[in-house]
Amino acid sequence: MKFFKSISIALIVILFGAGTLFAQVQQQEQQQQQQQQMPDLPSNDDVSDDEIEMVASAINELGPIQTEAQEKMQEAVEGEDITFERFQQMMMAMQNPQMADQVNVTDEEMATLQTLQPTLMEIQSEADKKMVEKIESSGLTVERYQNIVMAAQQDEELRARVEALLEDGEEG
């Protein structure tokens, strides 16, 4: 009887281990598929000096647009008698279920958020449209701009080139 029980336990452990291994393999396959779907990011050598100037110019022009959008959102939120800090807490709690326990969102606050949503989406949409126009007016497509920015986050040489131009832009 003991022999049968120990074999049963061993089988359960093996099956559980196999299930975990299967889940890990599936997760790895999903990550590989996502990586394959991601665009090939340019290397430092693939980005011309002109493109670096265009990216730096666009970044400098996008900052004020983002600031303006955030100010408009803050005004809209505070117009509903919610502090912007409280709004940010509630949004983080909605996006992160583990934080939801720490941030108690009342039904009234939830109703206010739902009322605010169309206004905030309109502000964000307007800002996005302006940012796309600025990127394209700098001479880049949005996709190329995004690829260069993402590549600069991973490639130290490319990041240094962009940062050097950004610093020059601040001095001038």
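This structure is a prediction, so every number in the text was calculated from the model and none was measured. (Residues numbered from 1 in each chain as written. Predicted model: local features only at pLDDT ≥ 70, side-chain atom pairs only at ≥ 80, totals over all residues. Heavy atoms only, no water.)

Bringing the environment of Ser125 into the picture now. With respect to the secondary-structure elements, Ser125 resides in helix H5 (residues 107–137). Considered as a pair, Ser125 and Ala69 are 56 residues apart in the sequence and their alpha carbons are 9.5 Å apart. (Helix = DSSP H or I, 4+ residues; strand = E, 2+ residues; numbered from the N terminus.)

The next subject is the environment of Arg159. Tracing the sequence through the fold places Arg159 in helix H7 (residues 156–171). For Arg159, a relative accessible area of 27% puts it in the partly exposed group. Sequence separation of Arg159 and Ile52 is 107 residues, and the distance between their C-alpha atoms is 9.6 Å. Those residues in contact with Arg159 that sit more than four places away from it in its chain are Ala152, Gln153 and Gln154. (Buried < 20%, exposed > 50% of the residue type's maximum accessible area, 1.4 Å probe, protein only. Contact = heavy atoms within 4.5 Å.)

Moving on, we get to the pattern of salt bridges. This structure, assessed with the given rule, holds 8 salt bridges. The partner of Glu109 in a salt bridge is Arg86, with the nearest N and O atoms 2.8 Å apart. Separated by 23 residues along the polypeptide, Glu109 in helix H5 and Arg86 in helix H3 (residues 84–95) bring together distant segments of the chain. Neither Glu109 nor Arg86 differs from the other in exposure class; each is buried. Among the salt bridges present, the one from Glu126 reaches Lys130, with a minimum N-O distance of 3.8 Å. (Salt bridge = Lys/Arg side-chain N within 4 Å of Asp/Glu carboxyl O.)

This part takes up unusual backbone geometry. With a phi close to 60 degrees, Asp81 is a non-glycine residue in the positive phi region. Of the residues examined, Asp81 reaches a relative accessible area of 75% and is grouped as exposed.

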